[in-house]
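Chain by chain, the residues run as shown.
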Amino acid sequence: MDRHVEFALQSIAKRMGSFGERWRVRDGLVWGPGNSAVVIRSLDFDDGPAHLDLGITLDAKDDSAPVLWDCTSGMGGTNEAAIKQAVEMWAMTAGATFMELTSPSGELADHIQSADPEGLTGHHVIHGPVAAFAMGGDFEPLTEWFMDNPMLPRLGQALVGSFDDPRINGVKILCGGDQETEIAEVRVNGEVHEEASAILLRLGWPRLPEFAYARTYLLVMPED
């Protein structure tokens, strides 16, 4: 196994373990409670940043179980530091949301019902925290904007009809950049959602002078 992939697996196990359950690396996966597991589909370095494509499943022993695919990036002075930062951004958002799914308490993520003004018609949503990163600047304006501007009322109409699994779907929302570059990306089950991404790009999130971005992650399930 590539040493960077092994390092990423160990980093995921350690970070997920910080939520209180034991996670361990075995047979190329990071195994958690029950048969839940994280798998790395790819890891590469593009001019420095680490890019991880990974998924998490409730039952890695069941080939029919849905895999919640996501991607995450990190920067650092070394490849290992970049991997750790990528894992941290993923764990703070998607990882925390998954743990809230397995042990609902409202402590790691918010539960939004269909009837809620910030909800999604016909669905129960677990809305993860917002994580942000800045290259020497201030990312607080981005996190504050996310808190003041709920995403589901703005993106929900575009997203409805895009959920291809009848049981559970994962949605990543990311925006940021600097004065010269704008990044706005919405992914459903790991795939870019062009319409929702275009809507996000047009929204009034702060364009900061130094490179910064914020991301969050949602789990979307049919409401019983």
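Relevant structure appears above.
Residues numbered from 1 in each chain as written. Predicted model: local features only at pLDDT ≥ 70, side-chain atom pairs only at ≥ 80, totals over all residues. Heavy atoms only, no water.

### Notes on the environment of Asp224
Convention followed: Strands are runs of DSSP state E lasting at least two residues, helices are runs of H or I lasting at least four, and both sets are numbered from the N terminus onward. The buried label goes to any residue with under 20% of its type's maximum accessible area, the exposed label to any with over 50%, and the partly exposed label to all in between, with areas taken from a 1.4 Å probe on protein chains only.
Of note, Asp224 is situated in the segment after β12 (212–222). A relative accessible area of 97% places Asp224 in the exposed class.

### Description of the sheet that holds strand β5 (residues 67–74)
What counts here: Strands pair, by our definition, only if DSSP identifies at least two bridges between them. Whenever a helix is involved, its axis is fitted only over the stretch in contact; in every case the axis is a line through C-alpha atoms, and angles between N-to-C directions fall within 0 to 180 degrees. Contact criterion: two residues are considered in contact whenever any of their non-hydrogen atoms come within 4.5 Å of each other.
The five strands are arranged β1-β2-β3-β4-β5 in an open sheet whose pairing can be described as antiparallel. Each having just a single partner strand, β1 (24–26) and β5 make up the two edges of the open sheet. Across the sheet, the mean angle from the axis of one strand to that of its neighbour is 30°, orientation sign disregarded. Pairing of strand β3 (residues 37–45) with strand β4 (residues 50–57), which is carried by eight bridges, proceeds in the antiparallel orientation. Each bridged residue has a counterpart across the sheet, and for Asp44 the counterpart in β4 is His51. This element, helix α1 (residues 3–17), spans β1, β2 (29–31), β3 and β4 of the sheet and lies at about 135° to β3. Helix-sheet contacts for helix α2 (residues 79–102) involve β3, β4 and β5, and the interaxial angle to β5 is about 140°.

### Section: the pairing of strand β7 (residues 123–127)
Among the five residues of β7, five are classified as buried, and the element is accordingly described as predominantly covered. Burial along β7 is two-sided: His123, Val125 and His127 and His124 and Ile126, pointing in opposite directions, are all buried. Pairing between strand β6 (residues 110–112) and β7: three bridges, direction antiparallel. In the sheet register, Ile112 faces β7, and the bridge partner there is Val125. In this structure, β7 lies alongside β12, joined through five bridges in antiparallel fashion. In the sheet register, His127 faces β12, and the bridge partner there is Leu218.

### Focus on the side chain of Asp165
As a reminder, the rule being used: Within 3.5 Å is the distance limit for a polar contact, defined as a pair of N or O atoms, with the added protein rule that one can donate a hydrogen and the other accept it, and that residues adjacent in sequence qualify only through two side-chain atoms.
Turning to its location among the elements, Asp165 is positioned in the loop between α4 (152–159) and β9 (169–177). There is a polar contact of 3.5 Å between the side chain of Asp165 and the backbone nitrogen of Ile168.

### Quick look at the nonpolar core
What counts is decided by this rule: Remark: nonpolar core denotes a set of buried residues (Ala, Val, Leu, Ile, Met, Phe, Trp, Tyr, Cys) joined through side-chain atoms within 4.5 Å.
Counting residues in each nonpolar core, the largest one holds 31 residues, and the members touching the most others are Ile12, Trp23, Val38, Leu52, Ile56 and Trp90. For this core, the secondary structure elements donating two or more residues are α1, β3, β4, α2 and β12. It is α2 that contributes the most residues to this core, 10 residues altogether. Non-local contacts of Val38, meaning those with residues more than four positions away in its chain, are made with Ile12, Trp23, Leu29, Val30, Leu54, Gly55, Ile56 and Trp90.

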